[in-house]
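# Topology and contacts: notes
Here's the letter readout for the chains.
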Amino acid sequence: MKRGMQGAHLRIAVAGEPYHAFVPNKLPPEPELVFSAEIRRELSKADQMVGRLDGLSTLIRHPDLLISFYIRKEAVLSSQIEGTQSTLTELLLFEIAPETGSEDTHDVSNYVQAMRHGLKRLQEGFPLSLRLIREMHSILLQTGRGSRSTPGEFRTSQNWIGGTRPGDALYVPPPVAQMTTALHSFEDFLHTGASEFQVLVQCALSHVHFETIHPFLDGNGRLGRLLITLLLVAVN
């Protein structure tokens, strides 16, 4: 095992082929984060914009209308990152006539439903947790691409990014045993450790850490982006 400042590389061999899997150190990061003056200024500006948006919601007579269209727009943009070809117009038409939707539109609609479920659970007082993440994942992959990749369940086998197998992959996340430990540490950070950071730093750390663990067979990217929205709601 080789250790670095941010995690450990495990050397593993399967069927005689070696590969390295990465196990991230738990949060908060060590050594402590140190921001340059320029980054601190940009963070301050961004925090102000988040505050303005939060204040705007109190001035609008029906903020749910704003939020509902934000959710749809976010779903379209997030899904496009992974190559899904669907527009906001197609999504709205699909909500009126589901039989007209393409597979891509189904995927975007699932994203909307997963976000709404997460926001509703937070409003009911349910904590941002691994259980909620699994619930949202089961909705995200209920149909379409990834629906056979154990929706709502953390993986029980090794996955990888790029390449055809772990041996030629661009990145190999933690093996299952280390993944389980990392997830519990991640949940502890969400509950007790994240509050020491500015909200946008919380979002960045949590998002990167979740994607590094890559706990699902499919849908990690979309779920990780959903997590950012939930964090913004949970801490405000």
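Refer to the structure above for everything that follows.
Numbering of residues starts from 1 in every chain and runs along the sequence as written. For a predicted model such as this one, the threshold for reporting local features is a pLDDT of at least 70, and the threshold for listing and counting side-chain atom pairs is 80 or more; totals across whole chains, interfaces and linings nevertheless cover every residue. Side-chain metrics in this entry use all non-hydrogen atoms of the structure; hydrogen atoms and water are not considered.

### Description of the side chain of Arg155
- A run of DSSP states H or I qualifies as a helix once it reaches four residues; a run of E qualifies as a strand once it reaches two. Both are numbered from the N-terminal end. The residue Arg155 is located in the loop between α5 (130-140) and α6 (176-193) in this model.
- Summary of buried charges: Arg155 has no salt-bridge partner, and the nearest side chain of opposite charge, Glu211, is 11 Å away.
- Within polar-contact distance, the side chain of Arg155 engages the backbone oxygen of His214 at 2.8 Å.
- With residues up to four places along the chain from it excluded, the contact list for Arg155 reads Pro173, Pro174, Pro175, Val176, Met179, Ile213, His214, Pro215, Phe216 and Leu217. Between buried and exposed lies partly exposed: a residue is buried under 20% and exposed over 50% of the maximum accessible area for its type, with that area taken using a 1.4 Å probe on protein chains only. Only four residue types enter the charge count: Lys and Arg as positive, Asp and Glu as negative, with His and the chain ends excluded. Counted as salt bridges are all cases of a side-chain nitrogen of Lys or Arg within 4 Å of a carboxyl oxygen of Asp or Glu. Identification of polar contacts relies on pairs of N or O atoms within 3.5 Å, with a donor-acceptor requirement for protein atoms, meaning one able to donate a hydrogen and the other able to accept it, and with residues adjacent in sequence counted only if both atoms are side-chain atoms. The contact criterion used throughout is that any non-hydrogen atoms of two residues lie within 4.5 Å.

### What to know about the packing of helix α3 (residues 88-96) against helix α4 (residues 103-123)
- Working convention: axes come from line fits to C-alpha atoms, limited for helices to the stretch in contact. Angles between N-to-C directions cover 0 to 180 degrees. Relative orientation of the contacting elements α3 and α4 amounts to 80°, with a least axis distance of 10 Å. In terms of orientation, α3 and α4 fall into the roughly perpendicular class. Of the residues in α4, those touching α3 at Glu90, Leu91 and Phe94 are Thr105, His106, Val108, Ser109 and Val112.
- Amino acids are sorted into nonpolar (Ala, Val, Leu, Ile, Met, Phe, Trp, Tyr, Cys and Pro), charged (Asp, Glu, Lys and Arg) and polar (every other residue, Gly among them). By residue class, the composition of the contact of α3 with α4 is four nonpolar, three polar and one charged. Note on angle classes: values under 35 degrees are labelled roughly parallel, values over 145 roughly antiparallel, values of 65 to 115 roughly perpendicular, and the remainder oblique.

### Description of unusual backbone geometry
- Cis geometry is adopted by the peptide bond preceding Pro28, which originates at Leu27 and carries an omega value of 0°.
- By the secondary structure assignment, Pro28 is in the loop between β3 (17-24) and α1 (37-59).
- Residue Glu30 is joined to Pro31 through a cis peptide bond whose omega torsion reads 0°.
- Its place among the elements puts Pro31 in the loop between β3 and α1.
- For His214, which is not glycine, the phi dihedral falls at a positive 50°.
- Residue placement: His214 occurs in the loop between α7 (199-213) and α8 (220-234).

### Thoughts on the nonpolar core
- The biggest cluster of nonpolar side chains holds 36 residues, and the ones touching the most others in it are Leu128, Ile133, Phe186, Leu223 and Leu226.
- For this core, the element with the highest residue contribution is α4, accounting for seven residues.
- Setting aside anything within four residues of it in sequence, one finds Ile133 in contact with Phe186, Phe210, Phe216, Leu223 and Leu227. Only buried Ala, Val, Leu, Ile, Met, Phe, Trp, Tyr and Cys residues count toward a nonpolar core, and they belong to the same one when joined by side-chain atoms within 4.5 Å.

### Remarks on α6
- Here the expected length of a helix is defined as 1.5 Å per residue gap, with one fewer gap than residues. When the terminal C-alpha atoms of α6 are compared, their 24 Å separation across 18 residues agrees well with the 26 Å that a helix rising 1.5 Å per residue should span.
- Among the residues of α6, those classed as buried are Met179, Ala182, Leu183, Phe186, Glu187, Phe189, Leu190 and Gly193.
- Looking at the buried side of α6, the elements it contacts are α5, α7 and α8.

### Observations regarding the pairing of β3
- Where strand β2 (residues 7-14) meets β3, eight bridges bridge the pair, whose relative direction is antiparallel. Bridge assignment links Val14 to a residue of β3, and that residue is Glu17.
- Once β2 ends, the chain turns through two residues before running back antiparallel as β3, passing Ala15 with a positive phi of about 55°. Strand pairing is assigned whenever DSSP identifies at least 2 bridges connecting the two strands.

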